[in-house]
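Spelled out from the first residue to the last, the chains are:
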Amino acid sequence: MAIDQPVARRFPLGECATIGRDAECEVQVIDPMVSRRHAEILQRDDGHYELVHVGQSHGTFVGQEAVDRHLLRDGDEIIVGAARFRFEELALNEVGVAALDLEAARKNTAVSFRIDLDPAKAFPPQEDVADERTIRRDYEKLRVAHELSRFLGSAPRLDQLIERTLLTAFELLAAERGVVLLSDPETGRLDPALAYSRTEADAPMVLSATVVQEVLHSGNGIVSADAASDDRFDGSQSIEREGIHSIICVPMRHAQGLVGIIYLDSKTSTYLFDAGDLDLLGAVASQAATTIQNVLLSEQLREESERVEQLVRDLPDAVILLDAEGRIAFLNPQAVHLLACWTGAEVGDPLETIGDLPINEAVNQAAHSPLELAMQAGDNRILRITANNTAESGETVLVIRDVTYERERERVLADHERMRVLGEFAWGIAHDFRNIIQIVDAQADLIQGSANSEDIGRRAESIGRAAGRAMELTRRLVLLGRGGVPEKVTVNLNEVAGRVLEFIESQLPGNIKVKTAFAEDLEPIQADPTQLEQVIVNLSMNAKDAMAGGGVLRVETANEERDGAQRVVIRLADTGTGMPEDVVKRAFEPFFTTKPEGEGSGLGLALVRRMVEEELGGTIELASTLGEGTTFTLSFPPSGATV
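Owing to the predicted nature of the structure, the values given are computational and were not obtained by experimental measurement.

Rules used throughout
In this numbering scheme, every chain counts its residues from 1 along its sequence in written order. Only residues with pLDDT of at least 70 get local features here, since the model is predicted, and only at 80 or more are side-chain atom pairs given and counted; chain-wide, interface and lining totals rely on the full set of residues. Excluded from the side-chain calculations are hydrogens and water; all other atoms, namely the structure's heavy atoms, are used. Under the scheme applied here, a residue whose accessible area is under 20% of the maximum for its type counts as buried, over 50% as exposed, and between as partly exposed, the area being computed with a 1.4 Å probe on protein chains only. What makes two strands pair is DSSP finding at least two bridges between them. Each helix corresponds to a stretch of at least 4 residues labelled H or I by DSSP, and each strand to a stretch of at least 2 residues labelled E; elements are numbered beginning at the N terminus. Note on ring pairs: Phe, Tyr and Trp rings are taken, using the six-membered ring of Trp, and paired if centres are within 6.5 Å. Classes follow the plane angle, with under 30 degrees stacked, over 60 edge-to-face and the rest tilted. Polar contact criterion, stated in full: a pair of N or O atoms within 3.5 Å, where within protein one must be able to donate a hydrogen and the other to accept it, and residues adjacent in sequence count only if both atoms are side-chain atoms. By definition, residues are in contact when any of their heavy atoms lie within 4.5 Å. To qualify as a nonpolar core, a set must consist of buried Ala, Val, Leu, Ile, Met, Phe, Trp, Tyr and Cys residues joined through side-chain atoms within 4.5 Å.

Participant: How would you summarise unusual backbone geometry if you had to cite specific residues and measurements?
Facilitator: With a phi close to 55°, Asp563 is a non-glycine residue in the positive phi region. We classify Asp563 as exposed; its relative accessible area is 84%.

Written as structure tokens, this is what we have:
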């Protein structure tokens, strides 16, 4: 709302503005015809303003009509005593801003008049205040500073802050156009943040680069009541081309430097900017600059914090932040999943243990060197834990990495190394062992040729066959150590198993029986027969050891569909002692054995798994129940050929 007096003033309207003689009124009118509280302007729920007469005498007028209540419209003239007011709705159009050529302005600047915006000089000492206008202007400074500071104290966003700053400038000064330019902290380039125009809606706002450059160069504000004839702006073509009549421009500065610029101009002579307006706008700019800088720093810190938090969230490791009291202050998604399987603890809950260790003991150990724990939650995992204590806040950061796969790889590599050592050993003794077997085989041939009874002949033949298999096993052992390629042919698993079991039965005690169930239409497979024989012999001998008190070894074959594919299967099941769960998990590990020292190397099942999976292209599964027995299931892809 504007007052039509020799000294024009504007009064921004809030939810309620009182007009009266009292000094507490938002609009004070010193006139004996005006009541202490004469009228109120109230903002309705729909955003419109209503004028209400509350005085005792001498009415309130809109135009020539006395009113008790009146819905105000843009341009309404309000008369209170001798004072005349004009109600104006602040209707602004957001507009674009044309590019500034500050480099050219730097070369051609003609500005020589500057006004220092030192905040210490904003309010003159009492002895220098000689008129009521100065008092009112200073009061206006305080009022604007107070209202703006209240808004700024509400921690607005940067866009809200810039909008409120520019709106405040429009409420205080009768500018037609205005823009807030922000300085890029890295390049120093000025970029328009927001621009408004009372009259123009489409055309971009063209600024005087000469004026902007001078404000940048000097750090002081510039004002002119008649820019077109002001010889200080002779070098500014935009002022003449745009028809700018009055102009005011102030820097927004803080202790560390320039934040930006507030630029206002007007193309009419209705209201002319003066030095007092420059002080007033400078006060607005000073307050806004500090808050803008704080908001920029806050946003920068927030963005950096979000980046760090996002990095922590994306880490493959679980990250847990504990406060000084040991309560969970932060969890990344991996930590949430881990704790859900582990303890069920959430943010805000105390973390009392890690595995079987009390939290304090675990943190102390992990702070000195990485701590590895085997966790039994869900599936068995191996976790590597490191801790970092912050002395200042008492907080603790735990970083937990699942190293199960890494340890498994290390174990596999160690297995391969052990197998390599075994191969080297096998290569070293192969020739000596072969010579021994050749002697046994030769003697068996001699016995068979000179045997005087059928029984001795059969036994000599059996010795020869066993020696032949031993020779083949020696060859396989050499291949294992030196990486030889097995000789695969099309074989029938029934024939291989039957041939091996015939030999096995002769080696079993009388209290162990062998039963078979071979599929008649069994599909052939591609395999090295000697490898298959070695696998079946090894598993059969394990079954024999598990049935020291007697039992049954059942061997069956079948064509089965497994995981959506046809497979040829052979099962060897015994009724022996079975294995506990922890032994089942380690049964295929090289050098792992439950036999007494000197009775087993722990290589049997490791070799079996390697041959089945890596050389025969099959799979092997182990199922065992303590006290009931053990079953090995081997499956192979069919060859599609006939035997």
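Participant: Pulling in residues and values, what's your account of the sheet that holds strand β5 (residues 39–43)?
Facilitator: An order of β4-β3-β5-β6-β9 is seen for the 5 strands of this open sheet, with the pairing classed as mixed. The open sheet has two edge strands, β4 (27–28) and β9 (69–71), and neither has a second partner. Note that strand β3 (residues 16–20) and β4 share 2 bridges and pair parallel. Across the sheet, the residue bridging to Ile19 is Val27, located in β4.

Participant: Could you give an account of the packing of aromatic side chains, naming the residues involved and the relevant values?
Facilitator: As enumerated under the stated definition, the model contains 2 aromatic pairs in all. Ring geometry for Phe170 versus Tyr196: centroids 6.4 Å apart, planes at 65°, classification edge-to-face. Here Phe170, found in helix α3 (residues 158–172), pairs with Tyr196, found in strand β14 (residues 190–197); they are 26 residues apart in sequence, far enough to count as distant. By the burial criterion, Phe170 is buried, and Tyr196 matches it.

Participant: Any details on the side chain of Asp76? Residues and values, ideally.
Facilitator: Here Asp76 lies in the loop between β9 and β10 (77–80). A polar atom in the side chain of Asp76 sits 3.2 Å from the side chain of His70. Other than its neighbours up to four places away in sequence, Asp76 contacts Val62, His70, Leu71, Phe85, Arg86 and Phe87.

Participant: Can you explain the nonpolar core? Please cite residues and give values.
Facilitator: Judged by nonpolar contacts, the single largest core of 39 residues is most densely connected at Leu532, Ile570, Leu634 and Phe636. The leading source of residues in this core is helix α11 (residues 493–507), at 6 residues. Each residue touching Leu532, except ones within four places of it in the same chain, is listed here: Val491, Leu493, Val496, Ile525, Ala527, Leu616 and Phe636.

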